[in-house]
Amino acid sequence: MQADSRLLSQGIQPRYTGVADAFTKIIRAEGLLGLWKGVVPNAQRAFLVNIGELTCYDQAKHFIIRKQICDDNLYAHTLASVASGLSATTMSCPADVIKTRMMNQGKEGKALYRSSYDCLVKTVRHEGMAALWKGFLPTWARLGPWQFVFWVSYEKLRRASGISSF
């Protein structure tokens with residue numbers, strides 16, 4: 001249904017009228033397993049987002065404080081959050097592109113890609129490496145505010161519970 005928004009902008013009727021209609025049509029056309037189409041690329045993307053954000057935040061915060069850019073305060077947490085969002089976006093954007101292409105392809109008989117790897121190879125071969133970072137800025141614009149809210153809240157809760165950040 002999310003992918004159908006592009007159809008509306010082209011004046012084409014969307015495939016589904018609602019959630020129940022989507023479930024019914026997918027199960028009829030692809031069977032129960034059709035509801036799980038795209039789960040592997042989604043899991044790959046989630047894995048990369050989490051690696052990017054979780055590994056980067058503390059490293060960036062400690063670097064900022066160690067280099068005396070600022071103290072352990074809201075400013076340091078904001079800078080580390082920006083770095084975390086940038087890292088998460090950089091790592092996850094290729095998976096986002098692959099996931100979207102896999103989920104938007106036709107039925108199995110008309111599938112453009114056999115697997116995530118096949119999609120990756122064909123995308124790079126036909127469009128170049130830069131194609132893997134299509135949508136980078138909108139993704140960062142979405143992940144950035146989330147990183148700020150998450151990490152600043154985390155730091156406030158850590159302080160409130162008496163746990164040291166070093």
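Refer to the preceding data block for the structure.
What comes next is a walk through the structure. (Residues numbered from 1 in each chain as written. Predicted model: local features only at pLDDT ≥ 70, side-chain atom pairs only at ≥ 80, totals over all residues. Heavy atoms only, no water.)

**Quick notes on the environment of Glu 30**
Quick reminder of the rule: We count a stretch as a helix when DSSP gives it H or I for four or more residues in a row; a strand needs E for two or more, and each element gets its number in order from the N terminus. Exposure categories follow from relative accessible area, calculated using a 1.4 Å probe and restricted to protein chains: below 20% of the type maximum is buried, above 50% is exposed, and the middle band is partly exposed.
Inspection of the secondary structure puts Glu 30 in helix α2 (residues 19-30). Residue classification places Glu 30 among the partly exposed positions, given a relative accessible area of 32%. Distance in space between the C-alpha atoms of Glu 30 and Tyr 75 is 50 Å, their sequence separation being 45 residues.

**Digging into the pattern of salt bridges**
Note the cut-off: Any Lys or Arg side-chain nitrogen located within 4 Å of an Asp or Glu carboxyl oxygen qualifies as a salt bridge.
Within this structure, the stated rule accounts for ten salt bridges. Measuring nitrogen to oxygen at the nearest pair gives 2.5 Å for the salt bridge that ties Arg 45 to Asp 96. Of this pair, Arg 45 sits in helix α3 (residues 39-66) while Asp 96 sits in helix α4 (residues 74-104); the two residues are 51 residues apart in sequence, bridging distant segments of the chain. In this structure Asp 96 comes out as buried when scored by relative accessible area, which is 12%. The salt bridge involving Lys 61 is made with Glu 155; its shortest N-O contact spans 2.8 Å. Taken together, the positions of Lys 61 in helix α3 and Glu 155 in helix α6 (residues 136-160) put the pair 94 residues apart, joining distant regions of the chain.

**Regarding the packing of aromatic side chains**
Threshold: A pair of Phe, Tyr and Trp rings is counted when the ring centres sit within 6.5 Å of each other, with Trp represented by its six-membered ring. The angle between the planes then sorts it: under 30 degrees is stacked, over 60 is edge-to-face, the rest tilted.
Evaluation of the coordinates by the stated rule reveals six aromatic pairs. Consider the rings of Trp 146 and Phe 150, whose centres lie 5.4 Å apart with planes at 40 degrees: the pair is tilted. One end of the pair is Trp 146 and the other is Phe 150, both in helix α6 and four residues apart, which spans about a single turn. For Trp 146, a relative accessible area of 44% gives the class partly exposed. A network of ring pairs unites the aromatic residues Tyr 57, Trp 146, Phe 150, Trp 151 and Tyr 154 as a single cluster.

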